[in-house]
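Each chain, letter by letter, is given below.
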Amino acid sequence: IHTYQVLAGEREAMNPKTSQAVGPKDDLHRAAALILASTVIMFFVLYLLNAIGFGLGRICGLKAAKSTRFAGAFVEAAYYSFSLACITRITWNSPWFWPGGWAEVMYDGRIQKIKDLEPYMVPADMKALYLMETSYYAAGFIWLHIRTRKKDHWQMAAHHVFTIYLLFLSYTTGYMRIGLVVMFLHNVFDPFMHIAKLFNYLKIEILTNLFFAGVLISFPVTRLYYYPLSIWSAWQGVCNGSKTCPGGVWDKTPIEFSLIGFLMALLPLHVFWYYLIIQVLRKTLQGDQKDVRSDDEDEDEETPEAVKEALRKKE
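Residues numbered from 1 in each chain as written. Predicted model: local features only at pLDDT ≥ 70, side-chain atom pairs only at ≥ 80, totals over all residues. Heavy atoms only, no water.

### Some details on unusual backbone geometry
So, point 1. Despite not being glycine, M14 shows a phi value in the positive range, around 55°.
So, point 2. As for its position among the elements, M14 is in the loop between α1 (2-7) and β1 (20-21).
So, point 3. The class of M14 is buried, set by a relative accessible area of 13%.
So, point 4. Unusually for a residue other than glycine, Y120 sits at a positive phi of about 65°.
So, point 5. Turning to its location among the elements, Y120 is positioned in the loop between α3 (64-91) and β2 (121-122). (Helix = DSSP H or I, 4+ residues; strand = E, 2+ residues; numbered from the N terminus. Buried < 20%, exposed > 50% of the residue type's maximum accessible area, 1.4 Å probe, protein only.)

### A look at the packing of aromatic side chains
So, point 1. In total, this model carries 22 aromatic pairs according to the counting rule given.
So, point 2. With 5.6 Å between their ring centres and 55° between their planes, F43 and W143 make a pair best called tilted. Of this pair, F43 sits in helix α2 (residues 28-59) while W143 sits in helix α4 (residues 124-146), placing them 100 residues apart in sequence.
So, point 3. Classification of W143 as partly exposed rests on a relative accessible area of 22%.
So, point 4. Site record: aromatic cluster; members linked through ring pairs are W92, W96, F97, W98 and F184. (Phe/Tyr/Trp six-rings, centres within 6.5 Å; stacked < 30°, edge-to-face > 60°.)

### What to know about the environment of L266
So, point 1. Position of L266 among the secondary structure elements: in helix α9 (residues 254-285).
So, point 2. By relative accessible area, which is 11% here, L266 ends up buried.
So, point 3. The spatial distance from the C-alpha of L266 to the C-alpha of R223 is 9.4 Å, given a sequence separation of 43 residues.
So, point 4. Among all residues touching L266, those that are not within four sequence positions of it are F162, L166, H186 and Y227. (Contact = heavy atoms within 4.5 Å.)

### Points about the nonpolar core
So, point 1. In terms of nonpolar packing, the biggest core is built from 54 residues, with W96, I178 and L180 touching the most fellow members.
So, point 2. For this core, the secondary-structure elements that each account for two or more residues are α2, α3, α4, α5 (153-173), α6 (176-187), α8 (205-237) and α9.
So, point 3. In terms of residue count, α6 provides more of this core than any other element does, eight residues in total.
So, point 4. If sequence neighbours within four positions are ignored, W96 has contacts with M14, T91, G101, W102, E104, V105, M126, R177, L180 and V181. (Core = buried A, V, L, I, M, F, W, Y, C linked by side-chain atoms within 4.5 Å.)

### Focus on the confidence of the model for the chain
So, point 1. Residue-level pLDDT values for the chain average 84, and 85% of them are 70 or greater.
So, point 2. Averaged pLDDT values over the elements of the chain bottom out at 48 in helix α10 (residues 304-309) and peak at 94 in α6.
So, point 3. Predicted confidence for residues 289-308 stays below pLDDT 50, and this span has 59 contacts to residues more than four positions away or in other chains. (pLDDT = per-residue confidence, 0-100.)

### Focus on a nonpolar patch on the surface
So, point 1. Taken together, the side chains of L48, I52, L56 and I59 make up a nonpolar region of the molecular surface, amounting to roughly 390 Å² of accessible area.
So, point 2. Relative to the elements of secondary structure, L56 occurs in helix α2.
So, point 3. A relative accessible area of 34% places L56 in the partly exposed class. (Patch = residues over 30% accessible without salt bridge, like charges linked within 9 Å, V, L, I, M, F, W, Y side chains within 5 Å. Areas by Shrake-Rupley, 256 points an atom, 1.4 Å probe, with all protein chains shown as cover. Salt bridge = Lys/Arg side-chain N within 4 Å of Asp/Glu carboxyl O.)

### Let's talk about the packing of α6 against α8
So, point 1. Axis separation between α6 and α8 bottoms out at 10 Å; the angle between their running directions is 170°. Our classification of the angle between α6 and α8 gives roughly antiparallel. Residues I178, V181, V182, L185 and H186 of α6 form the contact with α8, whose own contacting residues are T222, R223, Y226, Y227, S230 and A234.
So, point 2. The residue makeup of the contact of α6 with α8, split by class, is seven nonpolar, three polar and one charged. (Axes fitted to C-alpha atoms, helices over the stretch in contact; angles between N-to-C directions. Parallel < 35°, antiparallel > 145°, perpendicular 65-115°, else oblique. Nonpolar A, V, L, I, M, F, W, Y, C, P; charged D, E, K, R; others polar.)

Put into structure tokens, the structure is as follows:
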């Protein structure tokens, strides 16, 4: 209820007075029950969005197979657009959320330098964002295993598990500021790509090209420039000679090293994916309209095939 009121502008965002426990201070059984309940709710929300997307596809004259693909892109576009709106609404006035304030992005967790907050305590709306994102990927993981399996089933499953694990590491260490920054930087790209898909399925070329231009710009800016900077800020921000870790930046716990290591592991993948995006653009400009996936395959928001799919041209 509090988070809804924050989104509606009725209450102050990131208010320390609403703080709730995370990590070692949280009640494990209560947290597990909350995640489970949220996952069930999210699953039905995604199911409803999928049905709406399929219906819209049929109304627009698409055949059943393509309407199914249209529905998948519709679900992704809807969720990531909503997620971005929530993150920006809640964190907009927080200096640490923007690059100029990333020196404070690791002020939470065990070193806790945030005024009026104890270690492993975060504002209620920040915790709600984590709950929403975790439930989305958990529900998506379940969805993968009950629908007809596609060729990229295990890649998609691994992606969801990896994302959930990163959220878990961030939550258990209490470093949730960096989690929200990374969440935002990764999610900016997705609405452009999936909306480009929707217009491509509808054969509205000018809007397809417009949103793919957004893909070409948003991906390198957020994932190849700002994302590495956020990792560097995280590395420098944990144990920089404070009383809790006087040894400096190398005086980190194994789980803190693991958190930063997993964030760094995504960088080579981002470079590779953007290389593929550029190849798609080059082939499109050269008039290569060959399909890259069959109609019975689904798309994943982070796979190279999904990027290629955004520029498919049907005869």
